[in-house]
Each structure stands twice: as structure tokens, then as C-alpha cells.
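# Remarks on the overall topology
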Amino acid sequence: MEFYPLRSEDSIEAHDLVLPRAKALLDALTRNRDFELVRLTRWETPDGPRECLVADITCDGVPKNNPHGLRYRERVAIVVSGNLRDLPAVYALRVGFPRLVHQQQAPSGSPAHLCLYFAPVRETLRTWTPHSFLRRIGWWIETSARGELHAADQPLDQLFFTSKYELVLPWNLEELAGAAEPMTIAKRERPCGGVTYFLLPRVGAQASKAILVEVTLPAIVHGAVEPDPMTLGQLADLLGMRGADLLPQLRPKLRELVDHNGAVVREDRPFTIILVHTPLLREPGGAVEMTMRRAFLLATDPLEVGCATGALVRLDQKFFSSEIEMVPTVPTEWRTLPLRPMEVLSVNTVTQARKQSGIADAGPTGVVVGAGALGSALLDQWGRSGWGQWTVIDNDHIRPHNLSRHTAVADEIGVPKVETVARLQRQASAGANIFAIHVGDASDPADAATLGILAAAPVVVDVSASLDYPRYASAVDQTGRHASVFITPSANAAVALVEDPARLQRLRTLEAQYYRAVIHDDWGREHLAENLGTFWSGASCRDISVALPYARVQAHAGNLAEQLPHLLSHAGASIRVWQRTGDRGAVEVHEIAVSPELGWTRGELNVYFDEAGVQQLRNMRQAALPHETGGVLLGYYDLSIKALILVAGLPAPPDSDSSTGSFERGVEGLKAAVDDASRRTAGNVGYVGEWHSHPRGHSANPSGHDLIQLAYLSFCMGDEGLPAVQLIIGEHDVQLLLGKAAS
């Protein structure tokens with residue numbers, strides 16, 4: 001039996017070993033009955049000494065005459081380095097040892113280097129022992145002999161080992177490869193000694209050019225991982241041994257580079273990139289399970305490559321197509337053309353970005369209003385994950401203080417915010433996913449261009465951090481479904497208000513119902529509490545900004561980026577609150593049931609309430625029967641859209657006077673209750689009027705006493721320049737009265 005020679009000519013004795021791991025392996029080997037020590041050697045390297053244990057291993061589990069060519073007794077060399085972060089290397093020393101799957105790259109004519117572990121080295125070393133290592137060698141030989149080393153459900157082995165060179169293809173390769181002009185090849189050297197090459201659209205006259213030639217080979221059965229070829233001839237030989245002939249596939253592709261007029265070598269001397277697609281089978285006759293891609297860079301003009309391979313002929317400095325049969329002898333100079341093997345990577349398409357993010361839905365074609373702290377973070381996450389096609393509207397620009405919580409950089413100070421989010425997305429996706437942008441005021445009814453964009457959008461997400469747009473949009477019919485998301489002033493909570501697709505429940509009523517929950521529920525006590533502080537961001541008295549930690553912005557943005565697609569996938573409207581509790585980052589989720597909106601038009605003013613709010617008043621009426629009851633109404637005016645939105649009615653104060661035919665509201669605790677409602681809602685909700693009930697069998701038609709009360713309320717509210725509101729709950733109906741003092 002013939003064995004490969006070792007690097008050292010001299011043997012050493014056991015007491016000459018100096019590496020602790022080599023000593024431990026020798027001890028384990030002498031205790032293992034399957035191993036028989038042959039010799040010990042040592043040699044010096046620039047990285048320190050190497051110590052080697054040569055041993056024969058007998059494996060009872062190796063079948064006789066197995067088709068893989070493994071034997072019951074094999075000789076191995078275990079090479080140990082002084083670096084404890086490396087695993088000992090194992091080489092099969094028998095000349096003629098078969099080429100199998102899970103072998104490391106080894107030069108031709110050298111021992112087979114066995115790949116014993118599938119896990120990374122660091123992970124393997126956590127439980128590695130010399131005894132288990134020796135058993136692993138026997139396991140590798142026995143399972144390889146039985147053809148079981150590669151599990152049936154394990155991914156197929158790649159054809160080539162990992163290379164330190166890689167080629168990054170553009171996401172729109174097919175479009176660029178079809179262009180008449182060559183592409184540009186650029187490179188970036190990495191600290192580890194590797195090089196990343198980029199195939200790009202042509203970007204300049206001085207850039208290096210590259211012609212891409214794609215070749216698809218016949219399917220081959222996966223097996224041993226091959227060493228990288230250094231010449232085109234070595235590549236052809238390697239593929240030929242696996243049953244795939246390269247030249248018959250390559251020559252037609254090279255002929256496609258010229259037409260009947262011929263072609264000349266370009267002055268810019270393009271490189272040639274051969275991109276080889278190799279379908280892989282698990283077993284002969286099986287289905288193709290994957291297609292491996294490997295690129296090979298030749299610093300040679302593709303026309304010269306064509307001539308060297310016999311695909312082209314040169315006549316008077318021009319190259320023409322040539323059928324190989326017309327060439328007297330097959331050229332051989334192509335075999336020595338040097339090449340650089342490269343792993344192939346691709347910039348994500350939008351579809352690939354969604355797949356890698358675990359998102360099945362492509363998302364809507366919609367509009368995002370607001371590119372501030374939360375808006376820019378949301379867009380960054382949606383853009384990177386490929387969810388949605390967005391037009392971004394904002395009329396603000398980046399100022400220095402924005403850099404603490406926006407996805408912008410210092411060079412973009414003074415740049416419109418929409419341009420900063422578009423720039424980031426363009427760079428992150430290499431142009432595969434681009435935001436449309438518009439500098440405009442979404443709340444300005446005179447901004448026709450902006451209104452046109454909103455009118456055409458099936459979905460609009462408001463992240464403006466302002467009440468202006470969601471309230472304005474609620475009064476606009478010619479637009480799509482809206483969602484409004486925001487972070488509370490303390491940044492401890494995030495809120496999502498989502499309309500139904502038919503917009504029967506609009507943002508105005510969702511806002512009011514959210515406020516009612518904030519007023520009545522325990523979690524609302526500090527929900528809109530004071531912010532973390534303010535600071536001056538400019539010279540104007542209005543240039544006051546709220547302190548807002550970027551970490552909390554990103555935390556809420558991540559949650560909203562995930563949750564909003566789910567909410568928009570539902571057919572109904574939604575109100576959801578995520579409340580952070582304490583300093584541990586825990587989050588409580590509050591789902592608020594949405595109630596249908598009710599509306600009244602009184603002169604130029606539109607009044608809105610909802611069925612659940614009215615039902616609460618009915619419940620208080622029912623509890624007070626046979627007496628009448630009542631209390632104050634809470635809500636808010638928005639005179640810019642000529643609207644009054646009712647939020648809730650408070651119960652009768654304990655000092656109220658009621659009977660079966662009358663009700664006189666008291667005042668005990670009332671101011672504190674109204675003040676608490678205002679505080680909980682950050683000053684948005686306050687007193688707007690009164691409500692009371694009528695007894696059994698009576699409608700909500702106002703009595704004479706009711707009209708007198710309305711006149712009194714109108715006189716009182718006249719000091720504020722606001723109309724008075726009176727809501728009456730009858731047996732089966734509701735009446736809303738509005739009174740205004742004469743000017």
C-alpha cells in the first residue's frame with residue numbers, strides 16, 4: 001500500500017512532544033483500541049511548531065467492497081498546531097484515497113483533508129475532547145463508506161470551496177446584461193486579504209469595463225468539494241471529471257458577442273467574467289435541487305478569449321464568428337488563460353428583501369405623510385424589508401437637532417426630509433426599491449399637487465406627529481384608507497388609529513374613542529404625561545422641541561413597522577396602544593373596541609359622537625331610573641374643519657338633584673374630573689356642554705326647561721365664542737341641540 005510522504009523526515013518520541021493538545025491526543029490514542037500509532041513527527045512553520053500523530057485506524061463499520069472505495073484499515077495523520085483556536089487537521093495518507101463529500105480543499109497530488117465537523121470551529125471547541133475527536137474520525141470513515149455522511153435532508157454541497165474573492169451582481173442584472181455597452185467592474189479590498197468585486201452599470205469613461213458571459217452547464221451530481229482552478233483549462237478539466245463539458249457551452253456564448261460585420265478589441269480592454277450556472281442533483285436521475293453559481297474573472301478581452309477557444313477567428317484585426325468544425329486544429333492556448341474564481345452574491349431584489357424578512361405580502365401602494373423621527377424610521381424598516389411602494393410627503397427640512405433621532409446625516413442639514421429618506425432607501429437597496437417624494441403640505445387645501453397625490457392613494461399612513469393632518473383628512477372624502485401612528489410625548493407609548501377600508505370610521509372618531517379610553521381606563525392615567533423635557537432648536541419662540549430618545553423611537557418604530565401591516569390587513573377599523581411599563585422595557589398592549597360614528601349637522605358645524613359613547617349615557621340613564629340624570633359633556637372643537645367631536649359624558653355629581661320629572665346637575669368633584677380628563681388627554685379634551693336624560697316613556701324632545709337651560713348655556717359659552725351643546729337621551733332616541741348667544 002502506498003502512502004503520501006510527510007513533511008518531516010525525522011521521527012520523534014512521545015517525551016519530545018511539547019504541544020499540550022498533541023500530548024492529550026497521544027494519551028487518548030493509546031487508550032483507543034481502534035487506533036495503532038505509527039510514528040510521531042514535528043516541523044517548524046512561521047506560525048510555530050506543528051506536531052503530527054500518524055496512526056492506522058480500523059473501522060468495523062466499513063462494508064466490504066463498498067462502492068466508495070474506503071477500506072477497513074486506513075492510515076491518517078493528525079496535525080496539531082499550537083493555536084488552541086484551531087482544530088487538529090486530519091489527512092488520509094493512502095494514495096488513491098477516494099474523493100468524497102466533506103473534504104477540505106487540498107492541492108492535487110496531496111493527501112485528502114477530511115472535514116469532520118459541520119458546525120463552526122468555535123462552536124465545536126466548546127465540547128471538543130481528544131477522545132470524541134478520535135471517535136469522530138472513525139464515524140466519518142464508516143458513514144462515508146455507507147454513503148450516509150450527507151443526510152437526505154441536508155442541503156447539497158457546493159461544487160467549490162469558499163473563496164476569499166467574491167463578485168456582487170446588481171439586482172437588475174438581466175436588464176443591464178442586455179445593454180449594448182459593457183458594464184463596469186470595481187473592487188474593494190478587505191482587511192482579511194479578500195477582495196469584493198462589483199459589477200455595476202457603466203459609470204465613467206475611465207472605469208474598468210467588463211463583459212459578462214453566462215454559461216449554464218448540464219446537471220451534475222453533487223459530491224466532493226473541488227479546489228479552485230487557476231486557469232481556464234483547469235476549470236474545464238474539473239468540470240469534465242464531473243460530467244459537464246465547458247467549451248461546448250462557452251463557445252456559442254462568445255460567438256454572440258459579434259455580428260456579421262465582426263468586432264474589434266475595445267481600447268478600454270474589458271475584462272471577461274464567465275458566470276457558470278451548474279444545476280446540482282442529490283443522486284443520478286434525481287431532480288435538480290439547486291443551481292450553484294460561480295464566477296471566474298479573466299483579465300482578457302472576451303474577443304481574445306473567443307479566439308483562444310476557437311469560437312472566433314481574427315481577420316485583419318477584426319473578430320468574426322467561426323464554427324469549430326471549420327478550424328483545422330482545436331486551439332489549446334485557452335487552457336493557460338489565468339482566471340480568478342469568485343463566489344457570487346447578488347444585491348437583493350424587493351422580492352428577496354421580503355423573503356429574507358419573512359414577509360409574504362407585498363404591501364400597499366400608498367402615501368406616508370411625515371418624514372420626521374418616527375416616519376423616517378418606519379420608512380427605513382419598510383424599505384429594507386420590501387413592504388409597500390411609498391410616496392413620501394413632508395414640507396420640512398433637516399436641522400441640526402434632527403440628527404439625534406432622524407435617519408439623516410450631517411451633510412444633509414438643510415435638505416428636505418423627504419430627500420433624506422429617499423437617499424437612504426436608494427443606497428440601502430442599490431436602487432431596487434425607490435421612494436417617490438413630494439415636498440408639500442398635506443394639510444393645506446390650497447396645495448393642489450399634494451391633494452392630487454393623496455386623492456390617488458389607496459392607503460395613507462399619517463406619521464406627521466401633528467393633529468393637523470389626521471383631522472383635516474377626516475373631512476376629505478376623495479382619498480383612501482387612512483392610518484395614523486404616533487409616539488406619546490414621553491415616548492413611553494405608541495398609538496395606531498386605523499380606519500376601515502370603506503372609511504366608515506374615520507380618524508376623527510377613532511381619536512375621540514382613544515381619548516375616552518385614556519380618560520376612563522387605569523392605563524390612561526399617565527399615558528400622555530409630561531414629556532422628558534424641551535429644548536430650543538432655533539431662534540423663534542415656536543422653535544421648541546421635545547426631548548425624545550432615539551432608542552425609544554426605534555423601539556416603537558420596529559413594533560409599528562411590524563404591527564401596522566397586520567392592522568391594515570383586517571377589514572375593520574382598529575385602535576391599539578402599546579404602553580411601556582417601568583424601566584424594564586416591558587410593553588402592555590391595549591385594544592380599544594371601535595364603535596360606529598354618529599353625526600349631526602347644525603348650521604355650519606358638524607358634530608360627531610359614536611354609538612358606544614351614547615350607550616354609556618343610556619347605561620347611566622338606566623341606572624338612575626325612574627329619576628332623570630345627567631352630567632357634563634367632554635369633547636373638543638376643531639374650528640379649522642368646522643367640527644365638534646364629542647368624547648364622553650361624565651356621570652352626575654353626587655350633589656345633583658334629580659326626580660322623575662327634573663334634573664339639576666351638582667358641582668361636587670366636577671372640576672377635578674374635568675381637569676383630570678384634560679390632563680390625561682394632554683389638554684385636548686375639555687368641557688363642551690351638558691347632557692341629561694328623560695324619564696320612562698318620554699322621547700328626547702326638549703322641554704321648555706331644557707330650552708331655558710340651553711339659552712343659559714349659550715350665554716355662558718358666548719364668552720368663549722363657542723356654541724353651547726345639549727344632548728338629551730330619551731326612551732328610544734337622542735337629540736342634540738346647539739345654541740349660540742346673539743352677537
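Report follows, based on the coordinates. Since the model is a prediction, treat every value here as computed from it, not as a measurement. (Residues numbered from 1 in each chain as written. Predicted model: local features only at pLDDT ≥ 70, side-chain atom pairs only at ≥ 80, totals over all residues. Heavy atoms only, no water.)

We now examine the overall build of the protein. The number of helices and strands found in the protein is 17 helices and 36 strands. For 743 residues, the compact-globule estimate of 2.2 N^0.38 gives 27 Å, and the protein exceeds it by more than 25% at 39 Å. If you line up the protein on its principal axes, its C-alpha atoms span 120 × 75 × 55 Å. Residues classed as buried in the protein amount to 49% of the 743 residues present. At a minimum sequence separation of 6, the contacts of the protein that also span at least 24 residues come to 66%. Summed over its atoms, the accessible surface of the protein is roughly 35800 Å², and 52% of this surface lies on carbon and sulfur atoms. Distance between charge centres in the protein, computed from 69 positive and 86 negative side chains, equals 6 Å. (Helix = DSSP H or I, 4+ residues; strand = E, 2+ residues; numbered from the N terminus. Rg over C-alpha atoms; globule rule 2.2 N^0.38 Å. Buried < 20%, exposed > 50% of the residue type's maximum accessible area, 1.4 Å probe, protein only. Contact = heavy atoms within 4.5 Å. Areas by Shrake-Rupley, 256 points an atom, 1.4 Å probe, with all protein chains shown as cover. Lys, Arg positive; Asp, Glu negative; His and termini not counted. Charge placed at Lys NZ, Arg CZ, Asp CG, Glu CD.)

This part covers the pattern of salt bridges. Any two side chains of opposite charge can pair if their charged atoms end up close together. Within the structure shown, the criterion is met by 28 salt bridges. The salt bridge partner of D610 is R516, with a shortest N-O separation of 2.8 Å. Here the residue D610 occupies a position in strand 29 (residues 605-610), and R516 occupies one in helix 13 (residues 507-520), the gap between them amounting to 94 residues. No difference in accessibility class separates D610 from R516, as the two residues are buried. Note that R525 and D522 form a salt bridge whose closest N and O atoms lie 3.6 Å from each other. Assessed through its relative accessible area of 62%, D522 is described here as exposed. One network of salt bridges, with partners in common, ties together E36, D56, R73 and R75. (Salt bridge = Lys/Arg side-chain N within 4 Å of Asp/Glu carboxyl O.)

Moving on to the environment of G109. In this fold, G109 is placed in the loop between strand 6 (103-104) and strand 7 (112-114). Separated by 547 residues in sequence, G109 and S656 have C-alpha atoms that sit 103 Å apart.

All right, on to the packing of aromatic side chains then. Enumeration according to the criterion identifies nine aromatic pairs in this entry. Ring geometry for F97 and W140: centres 6.4 Å apart, planes at 25 degrees, overall stacked. Here W140 lies in helix 3 (residues 130-145) and F97 lies in the loop between strand 5 (89-92) and strand 6, a separation of 43 residues in the sequence. Its relative accessible area of 9% is what places F97 among the buried residues. Taking the centre distance of 5.4 Å and the plane angle of 35 degrees together, the rings of Y514 and Y515 count as tilted. Each residue in the set F486, Y514, Y515 and Y636 is aromatic and connected to the rest through ring pairs, giving one cluster. One Lys or Arg, R340, reaches over the ring of Y165 and ends 4.0 Å from the middle of that ring. Above the ring of Y608, the side-chain terminus of R508 is found at 4.0 Å from the ring centroid. (Phe/Tyr/Trp six-rings, centres within 6.5 Å; stacked < 30°, edge-to-face > 60°. Lys NZ or Arg CZ within 6 Å of the ring centre and 35° of its normal.)

All right, on to helix 14 (residues 550-568) then. Between its first and last C-alpha atoms helix 14 spans 26 Å; for 19 residues at 1.5 Å apiece the expected length is 27 Å, and the two agree. Considering bend angle alone, the principal kink of helix 14 is centred on A561 and spans about 25 degrees; proline P565 follows within four residues of it. Listed in full, the buried residues belonging to helix 14 are V553, H556, A557, L560, A561, Q563, L564, P565, L567 and L568. On its buried face, helix 14 is in contact with helix 9 (373-385), strand 21 (459-462), strand 22 (481-487), strand 23 (493-498) and strand 26 (574-581). (Expected span 1.5 Å × (residues − 1). Bend = angle between axes of the 7 residues up to and from the residue.)

Relative to each other, helix 6 (residues 247-255) and helix 7 (residues 302-309) sit at 135 degrees, their axes nearing to 10 Å. Judged on the interaxial angle alone, helix 7 and helix 6 are oblique. Considering only the axes of helix 6 and helix 7, their crossing is left-handed. Residues L247, R251 and L254 of helix 6 pack against P302, V305, G306 and T309 of helix 7. When the residues that make up the contact of helix 6 with helix 7 are grouped by side-chain class, the tally is four nonpolar, two polar and one charged. (Axes fitted to C-alpha atoms, helices over the stretch in contact; angles between N-to-C directions. Parallel < 35°, antiparallel > 145°, perpendicular 65-115°, else oblique. Left-handed = near helix turned anticlockwise from the far one by under 90°. Nonpolar A, V, L, I, M, F, W, Y, C, P; charged D, E, K, R; others polar.)

Read across the open sheet, the seven strands follow the order 28-29-31-30-34-35-36; overall the sheet is mixed. The open sheet has two edge strands with one neighbour each: strand 28 (597-602) and strand 36 (734-739). Within this sheet the neighbouring strands show an average axis-to-axis angle of 30 degrees, counted without direction. In this structure, strand 30 (residues 630-638) lies alongside strand 31 (residues 643-649), joined through six bridges in antiparallel fashion. Bridging from a neighbouring strand, L634 pairs with A648 of strand 31. (Pairing = 2+ DSSP bridges.)

How two helices sit against one another is set out by the angle between their axes and by the gap between those axes. Between helix 9 and helix 14, the least distance of the axes is 9 Å, while the angle of their chain directions is 55 degrees. The angle between helix 9 and helix 14 falls in the class oblique. Both helix 9 and helix 14 take part in a crossing whose hand is right-handed. For the pair helix 9 and helix 14, the contacting residues are A373, L374, A377, L378, Q381 and W382 in the first and V553, Q554, A557, G558, L560, A561, L564 and P565 in the second. Residues belonging to the contact of helix 9 with helix 14 are distributed by class as follows: 11 nonpolar, three polar and no charged.

Moving on: the nonpolar core. In globular proteins that are soluble, nonpolar side chains generally tend to be buried together. By size, the foremost hydrophobic cluster in this structure holds 35 residues, and its most contacted members are L53, I78, F133 and I137. Put simply, the parts of the chain that give this core at least two residues each are helix 1 (20-31), strand 2 (35-45), strand 3 (48-58), strand 4 (73-81), strand 5, strand 7 and helix 3. Among the elements that make up this core, the one with the highest residue count is helix 3 (six residues). Contact partners of I78, with chain neighbours within four places excluded, come to L25, E51, C52, L53, P88, A89, V90, F133, L134 and I137. (Core = buried A, V, L, I, M, F, W, Y, C linked by side-chain atoms within 4.5 Å.)

Turning our eyes to something else, we now look at the environment of G689. One can find G689 in strand 34 (residues 686-693). For G689, a relative accessible area of 3% puts it in the buried group. Distance from G689 to G730, taken between C-alpha atoms, is 17 Å for residues 41 residues apart in sequence. For G689, the contacting residues outside a window of four places in its chain are V632, L633 and V725.

With that out of the way, let us pick up the sheet that holds strand 26. For sheets, the rule is that strands pair by backbone hydrogen bonds, running either parallel or antiparallel. Read from one edge to the other, the open sheet built from eight strands follows the order 20-19-18-21-22-23-26-27, with strand pairing classed as mixed. For this open sheet the edge positions go to strand 20 (436-439) and strand 27 (586-592), each flanked by a neighbour on one side alone. Neighbour-to-neighbour, the strand axes of the sheet open up by a mean angle of 15 degrees, direction not taken into account. Sheet topology note: the strand 23/strand 26 ladder contains six bridges and is antiparallel. Bridging from a neighbouring strand, A496 pairs with R576 of strand 26.

Among the seven residues that make up strand 31, seven are buried, leaving the element largely enclosed by the rest of the structure. Where strand 30 hands over to strand 31, the hairpin turn is made up of four residues, of which K642 adopts a positive phi near 55 degrees.

The pairing of strand 35 (residues 724-729) with strand 36 spans six bridges and is antiparallel. Paired with I728 across the strands is Q735, a residue of strand 36. Between strand 35 and strand 36, which pair antiparallel in sequence order, lie four residues.

Moving on: unusual backbone geometry. Omega for the peptide link from L625 to P626 comes to 10 degrees, which places this bond in the cis form. Here the phi dihedral of N65 falls at roughly 50 degrees; this positive angle occurs in a residue that is not glycine. Take N65: it is sitting in the loop between strand 3 and strand 4. At A430, a residue that is not glycine, the phi angle is positive and equals roughly 55 degrees. Structurally, A430 is set in the loop between helix 10 (417-429) and strand 20.

With that settled, the discussion passes to the side chain of T309. Looking at the element boundaries, T309 is found in helix 7. Polar contacts involving the side chain of T309 include one to the main-chain carbonyl oxygen of G306, which spans 3.1 Å. (Polar contact = N/O pair within 3.5 Å; in protein donor to acceptor, adjacent residues only side chain to side chain.)

Another point: the side chain of T231. Here T231 is to be found in the loop between strand 12 (220-221) and helix 5 (232-241). Polar side-chain contacts of T231 include one of 3.2 Å to the backbone oxygen of R335. With sequence-adjacent residues up to four places away left out, T231 is seen in contact with R335, T336, L337, P338 and L339.

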